[in-house]
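Fold and contact review
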Amino acid sequence: MARLQIEGLCKGWDFPVIDRLDLTVEEGEFFIVVGPSGIGKTTLLRLIAGLESADAGRITIGGQDITTLPPYKRPVAMTFESYALYPHLSVFENIASPLRARRLDKAAIRKAVTDVAKLLRIETLLDRRPGEISGGQKQRTALGRTLVAEPQVFLLDEPISHLDAKIRHELRLQFHSLEELRRVATLYVTHDYAEALSLGDRIGVMGHGGLVQIGTARDVFMRPRSLFVAQHLGQPAINAVAARLTGEGAALQAHAGNTSFGFPVVAAHAAVLARGDCGQVTVGIRPQHVRVLHNGEDAPGHHVIDAHVEIYEALGANGVLVADAGGVNLTALTSLERDFAHRQPVRLALQTDSVFYFHADSGDNLLL
């Protein structure tokens, strides 16, 4: 079984980039690593591929220790964000290069290259060189070269980031059904939360030093262990408001500093929060849990506050509204059926049973 297993992996320069990282990716599993730029996602892939040497730890594939093997002896194929194409070779020859290294016959090579080129919609570009095609076409060429390699582990570094939205969507659908990916372990790196939530059998959120939370996309999105995790999954980003909890027992209230913004803590949350010393918190409210009410509309089970529109943008299937709610700016998702003017008064309904409470210093989710 081509399981990828990482134990106690360490890598650093002036500071630890990866610190005692443990991870297992099963054969057939599509594992997504998501996180901000510069956090070490690509370094992790390069360590597995052998392009960087580990300071400590162990990497095995199918039970074979590959930690010190040179790159050409590792059963992995990697797609680079920077393409890494051979400029003097055609698109066909770039895709075919791993097959030629295995000395396959010409007919098998042509069929494999043609099939993957059709999948990636670059079959008309096979005679061109990298300098004669666009950035998105270069990225699809690099992805094609990885897909034909038939390794035990696929390493995909931002493989569709330079493509237009339509092709990105089509390729995300293809990734779900590609047999090549379901026969091996796949580690896919991205900073795009939509890709992570759409593609991953499991996802790992990468923070300073390693993976700070691993789980299914739904579990990590709905139950983030920390404010860091919550801030890196979701678009628009979660509303994070510094607040203080006051009151006792089930009568807890959350208030934001010297503003008029505040709301009652629901009983289920208050029962957990009252057990600890957590007066100062960061309240996390996802934009989809802030509803803009129509005139006269009621919102049972929600806390309603008065606000004024600061910014409104119509984006795709939704509008994004930023409103001043008593001295705190809150972002809300709206339907495109409504339009809003600057400083227009609005009423916002907070879904308080979906609010997160994070420790003011550590950022830990206080409800877990």
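Everything numeric in this text was worked out from a predicted model, so none of it was measured. (Residues numbered from 1 in each chain as written. Predicted model: local features only at pLDDT ≥ 70, side-chain atom pairs only at ≥ 80, totals over all residues. Heavy atoms only, no water.)

Quick notes on the environment of Leu273
What counts here: Comment: elements are numbered from the N terminus, with helices defined as DSSP H or I runs of at least four residues and strands as E runs of at least two.
Here Leu273 lies in helix H10 (residues 267–273). A sequence separation of 21 residues divides Leu273 from Leu252, and the C-alpha atoms of the two residues are 8.7 Å apart.

Observations regarding the pairing of strand S4 (residues 56–61)
How we decide: DSSP bridges decide pairing: two strands pair if at least two such bridges lie between them.
Of the strand pairs in this sheet, strand S1 (residues 4–12) and S4 are connected by five bridges, and their pairing is antiparallel. Its bridge partner being in S4, Cys10 is matched across the sheet by Ala56. As judged from the two bridges shared by S4 and strand S5 (residues 64–65), these two strands associate in the antiparallel manner. Each bridged residue has a counterpart across the sheet, and for Thr60 the counterpart in S5 is Asp65. In this antiparallel pair of consecutive strands, S4 and S5, the connection spans two residues, and Gly62 shows a positive phi of 60°.

Considerations on the environment of Ala237
Counting through the fold element by element, Ala237 comes out in the loop between helix H9 (227–231) and strand S11 (239–246). Spatially, the C-alpha atom of Ala237 lies 8.3 Å from that of Thr331, the residues being 94 residues apart in sequence.

Structural notes on the sheet that holds strand S8 (residues 185–190)
Backbone hydrogen bonds are what pair the strands of a sheet, in a parallel or an antiparallel way. How we decide: For every element, the axis is a line fit to its C-alpha atoms; helices are fit only across the contacting stretch, and the angle between N-to-C directions ranges from 0 to 180 degrees. The contact criterion used is simple: two residues touch if any of their non-hydrogen atoms lie within 4.5 Å.
Pairing within the open sheet is mixed, and its six strands lie in the order S6-S7-S8-S3-S9-S10. In this open sheet, the two edge strands, each paired with only one partner strand, are strand S6 (76–79) and strand S10 (210–215). When strand polarity is set aside, the average angle formed by the axes of neighbouring strands in this sheet is 20°. As defined by bridge partners, strand S3 (residues 30–34) adjoins S8 across five bridges and the pair is classed as parallel. Residue Val33 lies in a different strand from S8, and its bridge partner there is Val189. Helix H4 (residues 135–147) rests against S6 and strand S7 (153–157) of the sheet, and its axis sits at about 175° to S6.

Description of the pattern of salt bridges
Oppositely charged side chains can pair when the atoms bearing their charge come close. This is how the line gets drawn: Salt bridges are identified by distance alone: a Lys or Arg side-chain nitrogen within 4 Å of an Asp or Glu carboxyl oxygen.
Counting across every chain of the model gives 12 salt bridges. A salt bridge links Arg20 to Asp19, with the shortest nitrogen-to-oxygen separation between them at 3.4 Å. Across the pair Arg223 and Asp219 runs a salt bridge, and its minimum N-O distance is 3.8 Å. Among the ionic contacts, a cluster of salt bridges with common partners joins Glu7, Arg58 and Asp65.

Thoughts on the sheet that holds strand S20 (residues 356–359)
Strand order across the open sheet formed by five strands is S13-S12-S11-S14-S20, with antiparallel pairing between neighbours. In this open sheet, the two strands that pair with only one neighbour each are strand S13 (262–264) and S20. Between one strand axis and the next, the sheet turns through 35° on average, direction left out of account. As paired elements, S11 and strand S12 (residues 253–255) share three bridges and run antiparallel to each other. Considered in S12, the bridge of Arg244 is made with His255.

Here's the deal with the confidence of the model for the protein
Test applied: Across the chain, each position has a pLDDT score giving the predictor's confidence in that residue, from 0 to 100.
Residues with a pLDDT of 70 or more make up 98% of the protein, whose mean pLDDT is 90. S4 holds the highest mean pLDDT among the elements of the protein, 97, whereas helix H6 (residues 179–182) holds the lowest, 69.

Overview of the nonpolar core
What counts here: Remark: nonpolar core denotes a set of buried residues (Ala, Val, Leu, Ile, Met, Phe, Trp, Tyr, Cys) joined through side-chain atoms within 4.5 Å. Throughout, exposure labels follow a simple rule: accessible area from a 1.4 Å probe, protein chains only, divided by the maximum for the residue type, with under 20% read as buried, over 50% as exposed, and the rest as partly exposed.
Ile95, Val113, Leu171, Phe175, Tyr188 and Leu233 are the most contacted members of the largest nonpolar core, which has 40 residues in total. Residue contributions to this core peak at five residues, all from helix H2 (residues 91–101). Sequence-distant contacts of Ile95, that is, excluding residues within four places in its chain, are made with Val113, Val116, Ile122, Leu126, Thr141, Gly144, Arg145 and Val148. With 32 residues, the next largest nonpolar core counts Ala270, Val281, Ala307 and Val346 among its residues.

Overview of the side chain of Asn239
The cut-off we apply is this: Here a polar contact is taken to be a pair of N or O atoms separated by no more than 3.5 Å, where protein atoms must pair a possible hydrogen donor with a possible acceptor and residues adjacent in sequence count only if both atoms sit in side chains.
Tracing the backbone through its elements, the reader meets Asn239 in strand S11. At 2.7 Å, the side chain of Asn239 and the backbone nitrogen of Thr331 are in polar contact. Filtering out sequence-adjacent residues up to four positions away, Asn239 remains in contact with Val283, Gly284, Ile285, Arg286, Pro287, Val290, Asn329, Leu330 and Thr331.

Looking at the environment of Pro151
Structurally, Pro151 can be placed in the loop between H4 and S7. Here the alpha-carbon distance between Pro151 and Thr331, two residues 180 residues apart in the chain, equals 45 Å.

Examining the packing of aromatic side chains
What counts is decided by this rule: Stacked, tilted and edge-to-face pairs are distinguished by plane angle, under 30 degrees for stacked and over 60 for edge-to-face with tilted covering the rest, among Phe, Tyr and Trp rings (Trp via its six-membered ring) whose centres lie within 6.5 Å.
Per the stated rule, a full pass over the model turns up four aromatic pairs. Look at Phe30 and Tyr188: their rings are 5.5 Å apart centre to centre, the planes differ by 40°, and that puts the pair in the tilted class. Here the residue Phe30 occupies a position in strand S3, and Tyr188 occupies one in strand S8, the gap between them amounting to 158 residues. With 5.9 Å between their ring centres and 40° between their planes, Phe356 and Phe358 make a pair best called tilted.

Considering the pairing of strand S14 (residues 280–285)
For S14, a buried count of five out of six residues is recorded, marking the element as mostly surrounded by other parts of the structure. In terms of strand pairing, S11 meets S14 through six bridges, oriented antiparallel. When the bridges of S14 are listed, Ala242 appears paired with Thr282. Sheet topology note: the S14/S20 ladder contains four bridges and is antiparallel. Within S20, the position partnered with Val283 by the bridge is Tyr357.

Considering the packing of H2 against H4
For the record, the criterion: Relative orientations are named as follows: roughly parallel for angles under 35 degrees, roughly antiparallel for angles over 145 degrees, roughly perpendicular for angles from 65 to 115 degrees, and oblique for any other angle. Less than a right angle of anticlockwise turn of the near helix away from the far helix marks a crossing as left-handed, whereas a clockwise turn marks it as right-handed. Throughout, the ten residues Ala, Val, Leu, Ile, Met, Phe, Trp, Tyr, Cys and Pro are labelled nonpolar, Asp, Glu, Lys and Arg are labelled charged, and all others, Gly among them, are labelled polar.
With their axes 7 Å apart at the nearest point, H2 and H4 run at an angle of 30° to one another. Relative to H4, the element H2 lies roughly parallel. In this structure, H2 crosses over H4, and the sense of that crossing is right-handed. Between H2 and H4, the contacting residues are Val91, Asn94, Ile95, Ser97 and Pro98 on the first element and Thr141, Gly144 and Arg145 on the second. Across the contact of H2 with H4, the residue classes tally to three nonpolar, four polar and one charged.

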